[in-house]
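# Breakdown of the fold
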Amino acid sequence: MKEDENPSSPFAPTPKPPYYAVIFTSVRNEGDQGYAQMAARMVELAEKQEGLLGVESAREEIGITVSYWRDRESIERWKADAEHRIAQKYGKEKWYAAYRIRIAKVEEEKRFEKK
């Protein structure tokens, strides 16, 4: 465990910047069509990727998943992962009405946690 990591925190454990964030926002189509199972598998698989720091996710009208990465090379390896590429294909074919992926370099982080 990282020295600043709180195991009960809902936030991804991230190091002192810089690091990278992949921000995936999406609008889903109706029905599950295997989405929940694949989404769980992608989190499980991503957690095994070298360079992943953590993931945060929420869904209402739009879904937002932010994954944090050590470097751009780690992001590119994840993008090219064979199982992840299958999920990307299904996403376009049946799960998403629309999505956007943004990659940002995190240069500063502020924290607050009431004790």
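Anything mentioned here points back to the structure above.
A brief structural summary. (Residues numbered from 1 in each chain as written. Predicted model: local features only at pLDDT ≥ 70, side-chain atom pairs only at ≥ 80, totals over all residues. Heavy atoms only, no water.)

Let's shift gears to the sheet that holds strand β4 (residues 96–106). In a beta sheet, neighbouring strands are held together by backbone hydrogen bonds and run either parallel or antiparallel to one another. In spatial order, the strands read β2-β3-β1-β4; together these four strands make up an open sheet with antiparallel pairing. Unpaired on one side and paired on the other, β2 (52–59) and β4 mark the two borders of the sheet. Strand after strand, the sheet turns through a mean of 15° between neighbouring axes, direction not considered. Note: β2 against strand β3 (residues 63–69), seven bridges, orientation antiparallel. Paired with Val55 across the strands is Ser67, a residue of β3. (Pairing = 2+ DSSP bridges. Helix = DSSP H or I, 4+ residues; strand = E, 2+ residues; numbered from the N terminus. Axes fitted to C-alpha atoms, helices over the stretch in contact; angles between N-to-C directions.)

Between its first and last C-alpha, helix α1 (residues 35–46) extends 16 Å over twelve residues, near the 16 Å set by a 1.5 Å rise per residue. For α1, every residue scored as buried is listed here: Tyr35, Met38, Met42, Leu45 and Ala46. Viewed along the axis of α1, the buried residues span an arc of 95°, placing them on a single side of the element. Looking at the packing, one finds that the buried side of α1 touches β1 (19–28), β2, α2 (72–80), α3 (82–95) and β4. (Expected span 1.5 Å × (residues − 1). Buried < 20%, exposed > 50% of the residue type's maximum accessible area, 1.4 Å probe, protein only. Arc of directions from axis to C-beta. Contact = heavy atoms within 4.5 Å.)

Bringing the pairing of β3 into the picture now. Among the seven residues in β3, five count as buried, and that is most of the element. Alignment of β1 against β3, held across seven bridges, turns out to be antiparallel. Across the sheet, residue Tyr20 finds its bridge partner in β3, namely Trp69. Hairpin connection between β2 and β3: a loop of three residues separates the two successive antiparallel strands.

So, about the nonpolar core. Formed by 15 residues in total, the largest nonpolar core has its most connected members in Met38, Met42, Trp69, Ile75, Trp78, Trp95 and Tyr96. Broken down by secondary-structure element, the contributors of at least two residues to this core are β1, α1, α2 and α3. Tallying contributions element by element places α1 first for this core, with five residues. By size, the runner-up hydrophobic cluster in this structure holds seven residues, among which are Ala12, Tyr19, Ala21 and Tyr68. (Core = buried A, V, L, I, M, F, W, Y, C linked by side-chain atoms within 4.5 Å.)

Spatial relationships are all this shows, so hold off on functional conclusions.
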